[in-house]
Amino acid sequence: MIFTILLIAFPLGWTIYLSFTDSFGSVRAPFDFVGFDNYVTALTDTSRFWPAVLRTLIFTVGALAFELVAGMAIALLLWRPFKGQAWVRVVVLLPFVATPVAIAMMWRLIFDPNIGFANQVLGWIGIPPQPWFSSPETTLPSLIFVDVWEFTPMIAIVLLAGLTALSDEPDEAARIDGANAWQRFWLVTLPLMRPVVLVAIMLRAIDALKTFDLLYTVKGQGGGSFHEAETLNIYAYTLSFQYNSFGLASAVLILFFLMVLLSMWLLTLRRKERTK
Amino acid sequence: MRIAAVATATLLTAGMVSACSSGGGGDKAESTTLNVTLANHVWTDSLKKRIPDFEKETGLKVVVNQLSEDQLADSYKVKLNAGSADVDVMMYRPLQVGKLFAASHYFVDLTKHVSDDATWNWSDFQPGPVSITTYQDKVVGVPIVTENEILYYRKDLLQKAGLSVPTTMDELQAAAKKIKEQNPGVAGFVSRTQASAGVTQFSGFLYSFGGDWMDADGTSTVGTDAAKKAYAYYGGLLRDYGPAQVNTDMSWPEAMALFQQGKAAFETDASSLYDNLANPEKSKVSDQVGYAAFPAGPAGSKPYNVAAWALGINSASKNQDNAWKFIKWATSPEMTLALQEEGNSGARTSVWENPAATAKFPAELVKAIAENGKNGIGYDRPLVLSVAQAREIVGAPFVAAITGGDSNAAADKANTEFQSLLDSEKK
């Protein structure tokens, strides 16, 4: 209990407390209470805050959608035994076991617009060089690509565990009734897998929402020259560690916290309705 | 409840701004263990080898905590904010955090310490760097590494184009153009392009075009005609004669990588980084690198000439006397000479006057540094409390110019934003 209070309640309470102050420079420096000013500043800020909210959503939803589809495909592939399956499993899992910062550094080198490997490969097949991480338009899609590359294996593992736990009987019954592979997947396997898929979505969504290492390693403070990769997390980090605006940063984090709570609540609400 | 717990954990890991509870601080008064926090830097590598000598001499045990630049800044902000005593000696960037840290009372006042010992000789330190480690007439740090902005060039490419080393902005532009046209795949000019990281390298151009960040009254001057010309020139140089793929994310490692790979003819960056280009293990073109003083603009040649790093003492340290012993040892005339002989530009005048100190530097580089020293400006970014925020604002116009946008309009916008930042700090 004391552990919970110390590690969760105190930092949360302190962050809420700071969010109502104009703390700047150092939290040891004197500061004043400013009521909801920081919240008003954040919620009316259309140049940094709201674009960051939008990018956080695009990144999370975009990455999650691709990861679910690809993860399901890989799980289905690995479900039934086949020759060389052990090797395939190892290769598929590799990106997931590497350190995120190392992965980000690696992709930064690969995607370097002038001396990177990606553009060399494109050159061999006659496609002009792409800006990848260096243009405001292509940065977010490229980052989503790296996230998908890294975390699809995690979704695949969770889904594979679910598939392996399924009973074979419904599938066999459908087969006897003459259902083809797609029909069996869509009408039998997928509905049975729904709880597992929801768990996978929850786990990955929380993780994707708070992505920091990949974005910061690739684009640095502020998410690049045009803030093109600035999600709420990066924005809050920039506000606190670069701008030293602890009050405003705390308010942004509390708003972020409320958004996470809200989305989790919506997800579970949906799940409860379905189980009814 | 479970969701609440998960979400709480999310918030905590997401970036706890404030949960910087005291990190230890169990030092007893004047402990014999000295905690020294240093940045990853060639100076650190040179000094670390010698720390056993200091330990033998004093009987103290030195624990070195070494971090990258960004990690170092974050670690200080967390630890010093919390009043932690587990940092005694701190290596810091005076231009970036000096004012903020001094205003937050994170530093011990060293004024008495520095003037106490005539043989250690504080007056030997160059005035520019000293002005940056002094806050409200109190000395808060001792400068250790200095640097200024020089022009790196490729001797072979210049020779092939039949050109001499550019001494003015116009010549630099013409040479970059000619070399890029002559050598497909080679950029005429590279430098930092990222809005924040590029500010320091843009500063030399700004000053040489007659501009500055603000005037003596603290009014923003990034919207003046001189500043607009500098923004357009720097951005245009990179847009027209830079690498084939315009990239607005380049800090020094990315820009230097192009030069190292033989894909650039000119680069302007800090003199302290020369080893990255001159060392055959790092650079494919090490035998062709030339060094020149910063080219002159309409207002002359005005590169920055600054103290990049300094040593200070944490005001919460319980080991301040020993910390000072360490700083005195690390910045003594003998040590500065020894470190400079290994290629670290120090801040002591006497050492720069000693031929032994510069024997290992390329002769042309020493000449360029000396030339820059004559006209150098003592800061390379706006000296405000919120330096990081200011850098993003004043860097935006050259990013606009690099990407072909309207840099004049961007300069006007930056001027308004920078002015409101300056006003907010006056309160």
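Look up: the structure comes first, before these words.
Computed from a predicted structure; not experimentally measured.

Caption draft 1: Just the overall build of chain A, in detail. Helices and strands together make up the secondary structure of chain A, namely 12 helices and 0 strands. The secondary structure elements of chain A, listed N-terminal to C-terminal, are α-α-α-α-α-α-α-α-α-α-α-α. The dimensions of chain A, computed from C-alpha atoms along their principal axes, are 75 × 55 × 35 Å. Within the span of chain A, comprising 276 residues, buried residues form 49% of the whole. Carbon and sulfur atoms make up 72% of the accessible area of chain A, which amounts to about 14000 Å² in all. If the 18 positive side-chain charges of chain A are averaged to one point and the 19 negative ones to another, these points end up 7 Å apart.

Caption draft 2: Here's a closer look at the overall build of chain B. Assigned secondary structure in chain B consists of 20 helices and 10 strands. Based on the C-alpha atoms only, the size of chain B along its principal axes is roughly 65 × 65 × 45 Å. Taking all 427 residues of chain B together, the buried fraction comes to 58%. Total accessible area on chain B stands at roughly 16200 Å², and carbon and sulfur atoms take up 52% of it.

Caption draft 3: Structural detail: a nonpolar patch on the surface. Together, Val90(A), Leu93(A), Leu94(A), Phe96(A), Val97(A) and Ile157(A) give the surface a local cluster of nonpolar side chains, amounting to about 500 Å² of exposed area. Residue Val97(A) is classed as exposed on the basis of its relative accessible area of 64%.

Caption draft 4: A look at the pattern of salt bridges. If you walk through the whole model with that rule in mind, you get 28 salt bridges over all chains. Two residues, Lys228(B) and Asp412(B), come together in a salt bridge whose shortest N-O distance is 2.9 Å. Pair noted here: Lys228(B) is in helix H11 (residues 225–241) and Asp412(B) is in helix H20 (residues 407–426), with a separation of 184 residues, a long-range link. Residue classification places Lys228(B) among the buried residues on the basis of a relative accessible area of 15%. Note that Arg239(B) and Asp240(B) form a salt bridge whose closest N and O atoms lie 3.4 Å from each other. Bridged by salt links that share partners, the residues Glu67(A), Asp147(A), Arg204(A), Asp207(A) and Lys210(A) form one connected network.

Caption draft 5: Highlighting unusual backbone geometry. Here His227(A), not a glycine, exhibits a phi torsion of approximately 60°, which is positive. Take His227(A): it is sitting in the loop between helix H10 (213–219) and helix H11 (232–242). Phi at Gln136(B) is positive, roughly 45°, even though this residue is not glycine. Of note, Gln136(B) is situated in the loop between strand S4 (134–135) and strand S5 (138–139).

Caption draft 6: The packing of helix H3 (residues 49–79) of chain A against helix H4 (residues 85–97) of chain A, seen in detail. Residue and element names in this part refer to chain A. Where H3 contacts H4, the axes come no closer than 10 Å and their chain directions differ by 160°. In this view, H3 runs roughly antiparallel relative to H4, as classed from their interaxial angle. Crossing of H3 against H4: the hand is left-handed. Side by side, H3 and H4 meet where Ile74, Leu78 and Trp79 of the first sit next to Gln85, Val88, Arg89 and Val92 of the second. Grouping the amino acids of the contact of H3 with H4 by side-chain chemistry returns 5 nonpolar, 1 polar and 1 charged.

Caption draft 7: The arrangement of the packing of aromatic side chains in detail. If you walk through the whole model with that rule in mind, you get 50 aromatic pairs over all chains. Aromatic pair Tyr17(A) and Phe33(A): ring centres 5.5 Å apart, planes at 70°, arrangement edge-to-face. Remark: Phe33(A) occurs in the loop between helix H1 (2–19) and helix H2 (37–43) and Tyr17(A) occurs in helix H1; sequence separation between them is 16 residues. Relative accessible area serves as the criterion here: at 33%, Tyr17(A) is assigned to the partly exposed category. A residue is classified by how much of its surface remains accessible, and Phe33(A), at 54% relative accessible area, is exposed. One residue, Arg80(A), lies across the ring of Trp79(A), its end atom 3.8 Å from the ring centre. The lysine or arginine in question, Arg348(B), covers the ring of Trp120(B), its NZ or CZ lying 5.4 Å from the ring centre.

Caption draft 8: Structural context of the nonpolar core. Residue and element names in this part refer to chain B. Counting residues in hydrophobic clusters, the biggest one holds 70 residues, and the most contacted among them are Tyr152, Phe189, Phe202, Trp213, Tyr231, Phe266 and Phe418. It is H11 that contributes the most residues to this core, 8 residues altogether. The next biggest cluster of nonpolar side chains, apart from the first, holds 52 residues, and it includes Tyr76, Met90, Tyr92 and Tyr106.

Caption draft 9: Structural context of the environment of Val196(A). Residues and elements named next belong to chain A. Of note, Val196 is situated in helix H9 (residues 181–209). Among the residues examined, Val196 registers a relative accessible area of 22% and is labelled partly exposed. Residues Val196 and Leu159 lie 37 residues apart in sequence; the distance between their C-alpha atoms is 6.5 Å. Excluding residues that lie within four positions of it along the chain, Val196 makes contacts with Val158, Leu159 and Gly162.

Caption draft 10: Just the interface of chain A and chain B, in detail. Listed as interface residues are 51 residues of chain A and, on the opposing side, 51 residues of chain B. Where chain A abuts chain B, roughly 4200 Å² becomes buried across the two surfaces, and 59% of that area is made up of carbon and sulfur atoms. Counting the surface chain A buries against chain B, the share from its top three residues, Arg28(A), Asn114(A) and Phe241(A), is 16%. The salt bridge involving Arg108(A) is made with Glu254(B); its shortest N-O contact spans 2.5 Å. Linking chain A to chain B there are 13 residue pairs in polar contact (both at pLDDT 80 or more). Sorting the residues of the side of chain A that touches chain B by element identifies H1, H10, H11 and helix H12 (246–275) of chain A as the ones contributing at least two each.

Caption draft 11: Seen up close, the environment of Ser19(A). Residue and element names in this part refer to chain A. One can find Ser19 in helix H1. Accessibility expressed as a relative area gives 0% for Ser19, which makes it buried. Here the alpha-carbon distance between Ser19 and Pro95, two residues 76 residues apart in the chain, equals 38 Å. If near-sequence neighbours (up to four positions away) are discounted, Ser19 is found in contact with Gly35, Asn38, Tyr39, Gly247, Ser250, Ala251 and Ile254. A polar atom in the side chain of Ser19 sits 2.6 Å from the backbone oxygen of Ile16. Among the polar contacts listed, one links the side chain of Ser19 to the side chain of Tyr39, at a separation of 2.7 Å.

What counts and how
- Residues numbered from 1 in each chain as written.
- Chains lettered and ligands numbered in written order.
- Predicted model: local features only at pLDDT ≥ 70, side-chain atom pairs only at ≥ 80, totals over all residues.
- Heavy atoms only, no water.
- Helix = DSSP H or I, 4+ residues; strand = E, 2+ residues; numbered from the N terminus.
- Buried < 20%, exposed > 50% of the residue type's maximum accessible area, 1.4 Å probe, protein only.
- Areas by Shrake-Rupley, 256 points an atom, 1.4 Å probe, with all protein chains shown as cover.
- Lys, Arg positive; Asp, Glu negative; His and termini not counted.
- Charge placed at Lys NZ, Arg CZ, Asp CG, Glu CD.
- Patch = residues over 30% accessible without salt bridge, like charges linked within 9 Å, V, L, I, M, F, W, Y side chains within 5 Å.
- Salt bridge = Lys/Arg side-chain N within 4 Å of Asp/Glu carboxyl O.
- Axes fitted to C-alpha atoms, helices over the stretch in contact; angles between N-to-C directions.
- Parallel < 35°, antiparallel > 145°, perpendicular 65-115°, else oblique.
- Left-handed = near helix turned anticlockwise from the far one by under 90°.
- Contact = heavy atoms within 4.5 Å.
- Nonpolar A, V, L, I, M, F, W, Y, C, P; charged D, E, K, R; others polar.
- Phe/Tyr/Trp six-rings, centres within 6.5 Å; stacked < 30°, edge-to-face > 60°.
- Lys NZ or Arg CZ within 6 Å of the ring centre and 35° of its normal.
- Core = buried A, V, L, I, M, F, W, Y, C linked by side-chain atoms within 4.5 Å.
- Buried area = accessible area lost by both parts, 1.4 Å probe.
- Polar contact = N/O pair within 3.5 Å; in protein donor to acceptor, adjacent residues only side chain to side chain.

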